[in-house]
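Here's the letter readout for the chains.
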Amino acid sequence: MSTSENNSSHLESAVSSFYELTNKNGAQLKVIPFGATLTALKIPLKNGELVDVVLGFDTVEGYEKSFQLDGSPYMGATVGRYAGRINEGKFELNGKSYQLAINNGPNSLHGGIANFSKKNWNVDAVTTGENPSITLSYVSAANEENYPGELSVSLTYTLSEENELILEYKATTTEDTIINLTHHSYFNLDGHQSDVSGQDLIVHAQKVVETREDCIPTGNILEVANTVFDYRTAKKCPKSIDNTFVVENNDEVKATLFSPLTNLKMDVYTDQPGVHIYVGGNCGPDLKGKENTTYHALSGICFETQNFPDAPNHANFPSAVLKKDDVYKQKTTYKFESL
């Protein structure tokens, strides 16, 4: 479904609707209200060909079914209230202990069981023309998944005329709470039907968050030099990775993905302290992706810009607390360039 509404706060969040935006270069993105999910992102190459650089499903039902899989892939979803893992689902805030829903072994992952990725978001506004955008919102009730405070979240996707996918998040709360939002697209610059093993990865990070075998941080921050996590110079995408890289809070590129096959480059910018790189999402043999594609562990790579996992339980990590009178803001940009 394409829409040409402008600044229309009355738009209904029809669950089955696909909202399509197109910029003047012919780049296209599609979003659905379920999980505020990005379902397609087509980028023009120099030869005029459009390449769909994100994995996904042809129907909303496909996204719903994906959450019934062991190890749900969170394909293209908006993740919250807290992206990443929280050890045993426990944290303390203002002297009070909280026990979150457990959904990943003994831990809480990506906001728990009834998390933001499974919610039907409202569509608040759609703009067309130059730098088209769509704004979605969700109000998370106080104590949803046992998180304190009613949290009101909005997310704006913008498709710029420079072929940038820009994500801008805002959130407010009725009482102090914790928050960590991220975007969970699996990117593949050769197209969603290919694999990423031949693509080059650069992560501009000197350090990485050390984790246990179950991906819970130890609290230590490690230098990447002389380790398998040193992606400061280009290396081929790893066959498997699930780690948070520590990045500086500035305007410089945080990570780059490049395809020698399509000569397409994607630069990642963010104001967040971490970029979580993930390869290994899987839909198994039974659930087909877009265009009847069988997705496997090397079908795509995630760049989850966010705070560190389990930050509420580590005083040396950036604070994940959102105060009652404050506003959470986050901006992440995925910039594409056909070389």
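What counts, and where the lines are drawn
- Residues numbered from 1 in each chain as written.
- Predicted model: local features only at pLDDT ≥ 70, side-chain atom pairs only at ≥ 80, totals over all residues.
- Heavy atoms only, no water.
- Helix = DSSP H or I, 4+ residues; strand = E, 2+ residues; numbered from the N terminus.
- Rg over C-alpha atoms; globule rule 2.2 N^0.38 Å.
- Buried < 20%, exposed > 50% of the residue type's maximum accessible area, 1.4 Å probe, protein only.
- Contact = heavy atoms within 4.5 Å.
- Pairing = 2+ DSSP bridges.
- Axes fitted to C-alpha atoms, helices over the stretch in contact; angles between N-to-C directions.
- Lys, Arg positive; Asp, Glu negative; His and termini not counted.
- Salt bridge = Lys/Arg side-chain N within 4 Å of Asp/Glu carboxyl O.
- Polar contact = N/O pair within 3.5 Å; in protein donor to acceptor, adjacent residues only side chain to side chain.

This part is about the overall build of the protein chain. Scanning the protein chain from terminus to terminus reveals one helix and 27 strands. Here the protein chain has a C-alpha radius of gyration of 19 Å; the compact-globule value for 339 residues is 20 Å, and the two agree. Dimensions along the principal axes, computed over C-alpha positions, put the protein chain at roughly 60 × 55 × 40 Å. In the protein chain, which comprises 339 residues, the share counted as buried stands at 57%. Considering only contacts within the protein chain whose residues lie at least 6 apart along the sequence, 68% involve residues at least 24 apart.

What follows deals with the sheet that holds strand β20 (residues 235-236). Reading across the sheet, the nine strands line up as β10-β11-β12-β13-β27-β23-β22-β17-β20 and stay open at both edges, with antiparallel pairing between neighbours. The open sheet has two free edges, formed respectively by β10 (122-127) and β20, since each of these has just one partner strand. Bridge analysis of strand β23 (residues 264-270) against strand β27 (residues 328-338) gives seven bridges, and the strand direction is antiparallel. Paired with Tyr-269 across the two strands is Thr-333, which belongs to β27.

Attention shifts here to the environment of Glu-168. Relative to the assigned elements, Glu-168 resides in strand β13 (residues 164-173). Take Glu-168: its relative accessible area is 35%, and that puts it in the partly exposed class. C-alpha of Glu-168 to C-alpha of Leu-155: the two residues are 13 residues apart in sequence and 5.6 Å apart in space. When sequence neighbours within four positions are dropped, the list of residues in contact with Glu-168 reads Ser-154, Leu-155, Thr-156, Thr-158, Gln-330 and Lys-331.

Strands sit in the order β1-β2-β3-β4 across an open sheet of four strands; the sheet is antiparallel. In this open sheet, the two edge strands, each paired with only one partner strand, are β1 (19-22) and β4 (50-52). On average, adjacent strands in this sheet sit at an angle of 20° to one another, irrespective of strand direction. As paired strands, β1 and strand β2 (residues 28-32) are joined by four bridges and run antiparallel to one another. When the bridges of β2 are listed, Tyr-19 appears paired with Val-31.

The residue Glu-304 is located in strand β25 (residues 301-306) in this model. Arg-85 is the oppositely charged side chain nearest to the buried, salt-bridge-free Glu-304, at an N-O distance of 7.8 Å. There is a polar contact of 3.4 Å between the side chain of Glu-304 and the side chain of His-184. The contacts of Glu-304, once residues within four sequence positions are left out, are His-110, Thr-182, His-183, His-184, Gly-274, Val-275, His-276 and Tyr-278.

Another aspect to go through is the environment of Leu-257. Looking at the secondary structure, you find Leu-257 in strand β22 (residues 255-259). Using a relative accessible area of 0% as the deciding quantity, one classes Leu-257 as buried. Separated by 131 residues in the primary sequence, Leu-257 and Val-126 place their C-alpha atoms 29 Å from one another.

What follows covers the pairing of β27. Strand direction decides the pairing type here: β13 and β27, joined by eight bridges, are antiparallel. Paired with Ala-171 across the two strands is Tyr-328, which belongs to β27.

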